[in-house]
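As a plain string of letters, each chain reads:
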Amino acid sequence: MTNTDEQLFVGVMTGTSMDAIDVVIARFAGSRPTLADCRSQPLDRELREELLSVTGDTPLAQVAELDVRMGNALADAVLATLKQSGVSPETVHAIGCHGQTVYHMTAQRWPATVQLGDPNIIAERTGITTVADFRRRDLAAGGEGAPLAPAFHRAFFAHPLEDRIVINIGGMANLTYLPAHRGQQLTGFDVGPGNVLMDGWIAQQRGETLDKDGAWAATGTVDKELLARMRAEPFFALPPPKSTGRDLFNMNWVLRHIADGRAIPEGADVQATLCELTAGTIAEAVTQTCAQPQQVMICGGGAHNKHLMRRLAAHLPQCDIVPTDTLGIGADWVEAAGFAWLAREALAGRPANAVSVTGARHPAVLGGVYHG
Ligand SMILES: Nc1ncnc2c1ncn2[C@@H]1O[C@H](COP(=O)(O)OP(=O)(O)O)[C@@H](O)[C@H]1O
Ligand SMILES: [Mg+2]
């Protein structure tokens, strides 16, 4: 039986980790999507390295070229997902695409955020209406432009009788607090680094892209002094709304804190310390936001890091910590599903920025529309 009210949306996410292009095909009957299919397309190595190297000083010509190359990579990933699932592009209502953030500086005189991956190319090559550039309208309205996921987390995971927390552990970690009573304010903010520093350290020390299951970190001993120096980073003490990215938490930040110590620690000890930094700052953010949430749901690639999950559980013995899989959406697909949802909200003309989260002056319809 087919439901005529059903609409298919595609959601596309590429986060700070720059590990892959995550694509979901989401079926909406009401406001809660079910996932028809998903695919994670690893980012081409050369493209990834060039994107990683972008700074405020990168020549404009190089940025412009990367915008086009990323636009094509995103279109490729969408087309491959449609092909894999046997879904024809004509049946897809719209694509919601985040794009690759290469710059996000909101605490300066002219706050700015830049996502690469030209949506014109995606609309042209797929023939599907594409909604993109979700962050800048919120920024224009005085907000942080981030995080955007909390509004989707509320639509999907909120419960009338339970205080819930969603933590997305991607390159960065962000937290959403969903109080049981809708009258209470939705809270969401970037906590700090998720996997980005662990990824960076193992890449530099061992040439590996990630510390699978946290196995290397598990062999190390936490360097308490290094941890204390890193925890003194002022960002951690800032009250929300706040957002962050690679512009702050990067390998230079780690190396600077290592250099400030008396001795150079072992590689595995640094990895254990970086893992502890992520676990400890997330746990602190949880307890400061809600004394006893009924459920703490984890999504993002960090959910697969077993050592990190063990450390988080050790810091939060009072909490029931579960991957979002148990609530109907796999940990790896929540963020991409959120962009399918955001495209739907945009086309319906509904504001999708949670102003209590981003700090914007008013609710705004997010995203530019590129017709298919
Ligand atoms: N099996 C695993 N063990 C440890 N870490 C993992 C594992 N799988 C994924 N990750 C981590 O998750 C990251 C990707 O998470 P993701 O949610 O895609 O982040 P982003 O949104 O920043 O792209 C990887 O870079 C890696 O650090
Ligand atoms: Mg990713």
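Residues numbered from 1 in each chain as written. Chains lettered and ligands numbered in written order. Predicted model: local features only at pLDDT ≥ 70, side-chain atom pairs only at ≥ 80, totals over all residues. Heavy atoms only, no water.

### Examining the pairing of strand 8 (residues 164-169)
- The buried fraction of strand 8 amounts to six of the six residues, a majority that puts the element mostly inside the structure.
- What sits between the antiparallel neighbours strand 8 and strand 9 (residues 172-178) is a turn of two residues.
- Pairing of strand 8 with strand 11 (residues 295-299) involves five bridges; the strand directions are parallel. Residue isoleucine 165 lies in a different strand from strand 11, and its bridge partner there is valine 296. (Buried < 20%, exposed > 50% of the residue type's maximum accessible area, 1.4 Å probe, protein only. Helix = DSSP H or I, 4+ residues; strand = E, 2+ residues; numbered from the N terminus. Pairing = 2+ DSSP bridges.)

### With respect to the environment of glycine 192
- With respect to the secondary-structure elements, glycine 192 resides in strand 10 (residues 187-193).
- Judged by its relative accessible area of 0%, glycine 192 falls in the buried class.
- Separated by 14 residues in sequence, glycine 192 and arginine 206 place their C-alpha atoms 24 Å apart.
- Among all residues touching glycine 192, those that are not within four sequence positions of it are Met172, Ala173, Phe235, Phe236, Thr244 and Phe249. (Contact = heavy atoms within 4.5 Å.)

### Here we look at the UniProt feature "binding site: ATP" (unreviewed entry) in the chain
- In the numbering used here, UniProt assigns the "binding site: ATP" (unreviewed entry) feature to Gly15, Thr16, Ser17, Met18, Asp19, Ala20, Ile21 and Asp22.
- Within the fold, glycine 15 resides in the loop between strand 1 (7-13) and strand 2 (20-28).
- Secondary-structure assignment places aspartate 19 in the loop between strand 1 and strand 2.
- A relative accessible area of 46% means that aspartate 19 is categorised as partly exposed.
- When sequence neighbours within four positions are dropped, the list of residues in contact with aspartate 19 reads Pro42, Leu43 and Arg48. (UniProt positions renumbered as here; feature names shortened; annotations may be inferred.)

### A few points about the state of the cysteines
- Under the defined criterion, the tally for this structure stands at zero disulfides.
- Sulfur of cysteine 97: no disulfide; nearest cysteine sulfur belongs to cysteine 38 and is 17 Å away.
- Assessed through its relative accessible area of 2%, cysteine 97 is described here as buried. (Disulfide = S-S within 2.5 Å.)

### Overview of the packing of aromatic side chains
- Enumeration over the complete set of coordinates arrives at eight aromatic pairs.
- Chaining the aromatic ring pairs together yields one cluster made of Phe152, Phe156, Phe157 and Trp341.
- One residue, arginine 32, lies across the ring of phenylalanine 156, its end atom 4.2 Å from the ring centre.
- One Lys or Arg, lysine 242, reaches over the ring of phenylalanine 235 and ends 4.6 Å from the middle of that ring. (Phe/Tyr/Trp six-rings, centres within 6.5 Å; stacked < 30°, edge-to-face > 60°. Lys NZ or Arg CZ within 6 Å of the ring centre and 35° of its normal.)

### Examining the confidence of the model for the chain
- Per-chain confidence: the chain averages 96 in pLDDT, with 99% of residues scoring 70 or above.
- Per-residue pLDDT, averaged within each element of the chain, yields its smallest value for strand 5 (residues 100-105) (94) and its largest for strand 7 (residues 130-132) (99). (pLDDT = per-residue confidence, 0-100.)

### So, helix 3 (residues 119-126)
- When we look at burial in helix 3, the residues that qualify are Pro119, Ile121, Ile122, Ala123 and Thr126.
- Looking at the packing, one finds that the buried side of helix 3 touches helix 2 (60-85), strand 4 (92-97), strand 7 and strand 13 (368-370).
- Among the residues trailing helix 3, glycine 127 stands out with phi positive, at a value near 75°.

### Quick look at the nonpolar core
- Of all hydrophobic cores here, the largest spans 44 residues; its most connected members are Ile167 and Leu175.
- With 10 residues, helix 11 (residues 267-289) is the single largest residue contributor to this core.
- The contact partners of leucine 175, leaving out residues within four places of it in the chain, are Ile165, Val166, Ile167, Thr187, Gly188, Phe189, Val191, Ala285, Val286 and Thr289.
- In this structure, Met13, Met297, Ala336 and Ala354 belong to the second largest nonpolar core, which totals 37 residues. (Core = buried A, V, L, I, M, F, W, Y, C linked by side-chain atoms within 4.5 Å.)

### A word on helix 2
- Across its 26 residues, helix 2 extends 38 Å between first and last C-alpha, which sits within 8% of the 38 Å expected from 1.5 Å per residue.
- Every buried residue of helix 2 is accounted for by Val63, Leu66, Met70, Gly71, Ala73, Leu74, Ala75, Ala77, Val78, Thr81 and Leu82.
- Just beyond helix 2, the residue with positive phi is glycine 86, at close to 70°. (Expected span 1.5 Å × (residues − 1).)

### Details of the sheet that holds strand 9
- Ordered by their spatial adjacency, five strands build an open sheet running 10-9-8-11-12, and the pairing between neighbours is mixed. At either end of the open sheet lies a strand with only one pairing partner, and these are strand 10 and strand 12 (321-323). Taking the axes of each pair of neighbouring strands and ignoring which way they run, one obtains an average angle of 25° across the sheet.
- Packed onto the sheet, helix 11 meets strand 8, strand 9 and strand 10 and runs at close to 160° relative to strand 10. (Axes fitted to C-alpha atoms, helices over the stretch in contact; angles between N-to-C directions.)

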